[in-house]
Amino acid sequence: MTADLSPADSAKFAAAKRACDFVEDGMTLGLGTGSTAAWLLKCLGELVTRDGLRIRGVPTSQRTAELARESGIEVITLEEARWLDLTIDGADEFDGGLNLIKGGGGALLREKIVAAASDRMIVIADISKQVAHLGAFPLPVEVVPFGWQATRRIIVESVVALNLPGDNVTLRMDGDAPYVTDEGNHILDLHLSRIGNLRQLARVLNQVPGVVESGLFLDICDLVVVGHQDGRVELRDIRADMTDTGRVGKGGRDNLFSDLDD
Ligand code: 5RP
């Protein structure tokens, strides 16, 4: 199985596995969405079923809820949890200030609500997600379906006023129909290339009528666990100004790969 994993999956697995070290017995967790978060659910599920780890999780999407249950993780609502000890989620981009672009998987709204309701947010990512400046990945913006074309026009005017390109703001599709989020909204993807002033853009977007939330996560992430394809893992903690390097073992009891073989 190890040999079957792509380099990208090996890196995602390494990050997910290392992030489990931050999970303590009895914690209530926010569970992210995406392919890296899916590895986390497998790793956590292993700890629950094999080691008896007691955790409860609030999923950030219906997809994650299903995967968590399949992995043996108890799923509860945010209302039931009230507050979370820790959220672990993926990201589409992160910069040196641990600012993020999220929403490539279409779950940015629940992801932001859950992360904001947590003592701590840890991002798990392979090294390809690290950027000097956010914006090469199209910025997802969740909008209500009513009048989304008008919302799009105002977004275009707003980004042009900030000297950002407004000529490529696209409605995310799911086949022939607009993509619909778990909250029943649509997503506009803003192809901006490079975002200069993150805070200004976030503020401006949130003022547009019809915009529910943007995929800019600023001052939310506390730590990024960066995975490499050879199993190396780095920790980036902006507040402690710390970079810590280690390696996730693939042998013995640590060997999740063998468990995923069937
Ligand atoms: C979903 C997200 C994901 O965390 C982001 O898209 C990263 O996904 P992946 O781990 O598959 O690269 O924000 O809305």
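Overview of the structure. (Residues numbered from 1 in each chain as written. Predicted model: local features only at pLDDT ≥ 70, side-chain atom pairs only at ≥ 80, totals over all residues. Heavy atoms only, no water.)

So, about the sheet that holds strand β5 (residues 93-94). Across the sheet, which stays open at both edges, the three strands sit in the order β5-β6-β14 with antiparallel pairing between neighbours. The open sheet has two free edges, formed respectively by β5 and β14 (216-217), since each of these has just one partner strand. Bridging between strand β6 (residues 100-101) and β14 involves two bridges; their strand directions are antiparallel. Residue pairing across strands places Leu 100 opposite Phe 217, the latter belonging to β14. (Pairing = 2+ DSSP bridges. Helix = DSSP H or I, 4+ residues; strand = E, 2+ residues; numbered from the N terminus.)

Another point: the site of the ligand. Around the ligand lies a shell of 17 residues, among which Ser 35, Thr 36, Asp 92, Gly 103 and Lys 129 are the nearest. At 3.5 Å, a side-chain N or O of Asp 89 approaches an oxygen atom of the ligand. Contact distances for the ligand include 2.9 Å between an oxygen atom and a side-chain N or O atom of Lys 102. In the complex, the protein chains occlude 91% of the 380 Å² of accessible area that the ligand would expose alone. Structurally, the ligand is housed in the second largest pocket. Contributions of two or more residues to the shell around the ligand are made by α2 (35-51) and α5 (108-116). Residues of the shell around the ligand, tallied by class, amount to three nonpolar, nine polar and five charged. (Near = heavy atom within 4 Å. Polar contact = N/O pair within 3.5 Å; in protein donor to acceptor, adjacent residues only side chain to side chain. Areas by Shrake-Rupley, 256 points an atom, 1.4 Å probe, with all protein chains shown as cover. 1 Å grid on protein atoms, 1.4 Å probe; cavity = no way out; pocket = protein on both sides within 12 Å on 5 of 7 lines; lining within 4 Å. Sits in = over half its atoms within 2 Å of the grid points. Nonpolar A, V, L, I, M, F, W, Y, C, P; charged D, E, K, R; others polar.)

The buried fraction of strand β16 (residues 232-237) is high, at five of six residues. Where strand β15 (residues 223-227) and β16 come together, four bridges link them in antiparallel fashion. Pairing of Gly 227 across the sheet is with Val 233, part of β16. Connecting β15 to the antiparallel partner β16 that follows it, the hairpin turn spans four residues, and Gly 231 within it adopts a positive phi of roughly 95 degrees. (Buried < 20%, exposed > 50% of the residue type's maximum accessible area, 1.4 Å probe, protein only.)

Taken as a whole and assessed by the stated rule, the structure comprises one cavity of 30 Å³ or more. Empty space within the largest cavity amounts to approximately 50 Å³. Residue lining of the largest cavity: Thr 60, Gly 106, Ala 107, Leu 108, Leu 109, Arg 110, Glu 142, Thr 181, Asp 182 and Glu 183, and that is the complete set. Among the elements that make up the lining of the largest cavity, the one with the highest residue count is α5 (three residues). Along the lines of polarity and charge, the residues of the lining of the largest cavity split into three nonpolar, three polar and four charged. (Points joined across faces, edges and corners; volume = space filled by probe spheres on them.)

Core analysis: the largest hydrophobic core is formed by 32 residues, its most contacted members being Leu 44 and Val 225. Contributions of two or more residues to this core are made by α1 (7-19), β1 (28-31), α2, β4 (86-89), β7 (121-126), β15 and β16. Excluding residues that lie within four positions of it along the chain, Leu 44 makes contacts with Cys 20, Val 23, Leu 29, Leu 31, Ile 55 and Ile 73. (Core = buried A, V, L, I, M, F, W, Y, C linked by side-chain atoms within 4.5 Å. Contact = heavy atoms within 4.5 Å.)

This part is about the packing of α1 against α2. Relative orientation of the contacting elements α1 and α2 amounts to 50 degrees, with a least axis distance of 8 Å. Judged by the inter-axis angle, α1 sits oblique to α2. Considering how the two elements wind past one another, α1 and α2 form a crossing that is right-handed. Listed contacts from α2 to Asp 9, Lys 12, Phe 13, Ala 16, Lys 17 and Ala 19 of α1 are Ser 35, Thr 36, Trp 39, Leu 40 and Cys 43. A class-by-class count of the residues in the contact of α1 with α2 yields six nonpolar, two polar and three charged. (Axes fitted to C-alpha atoms, helices over the stretch in contact; angles between N-to-C directions. Parallel < 35°, antiparallel > 145°, perpendicular 65-115°, else oblique. Left-handed = near helix turned anticlockwise from the far one by under 90°.)

The next point concerns the packing of aromatic side chains. Evaluation of the coordinates by the stated rule reveals one aromatic pair. Summarising the aromatic geometry, the rings of Phe 13 and Trp 39 are spaced 5.7 Å apart at their centres and angled 75 degrees between planes, so their arrangement reads as edge-to-face. Of the two residues, Phe 13 sits in helix α1 while Trp 39 sits in helix α2, which places them 26 residues apart along the sequence. The burial state of Phe 13 is the same as that of Trp 39; both residues are buried. In this structure, Lys 112 packs its charged tip against the face of Phe 217, placed 5.0 Å from the ring centre. When the ring centre of Tyr 179 is taken as origin, the NZ or CZ atom of Arg 172, which lies over that ring, is 5.7 Å away. (Phe/Tyr/Trp six-rings, centres within 6.5 Å; stacked < 30°, edge-to-face > 60°. Lys NZ or Arg CZ within 6 Å of the ring centre and 35° of its normal.)

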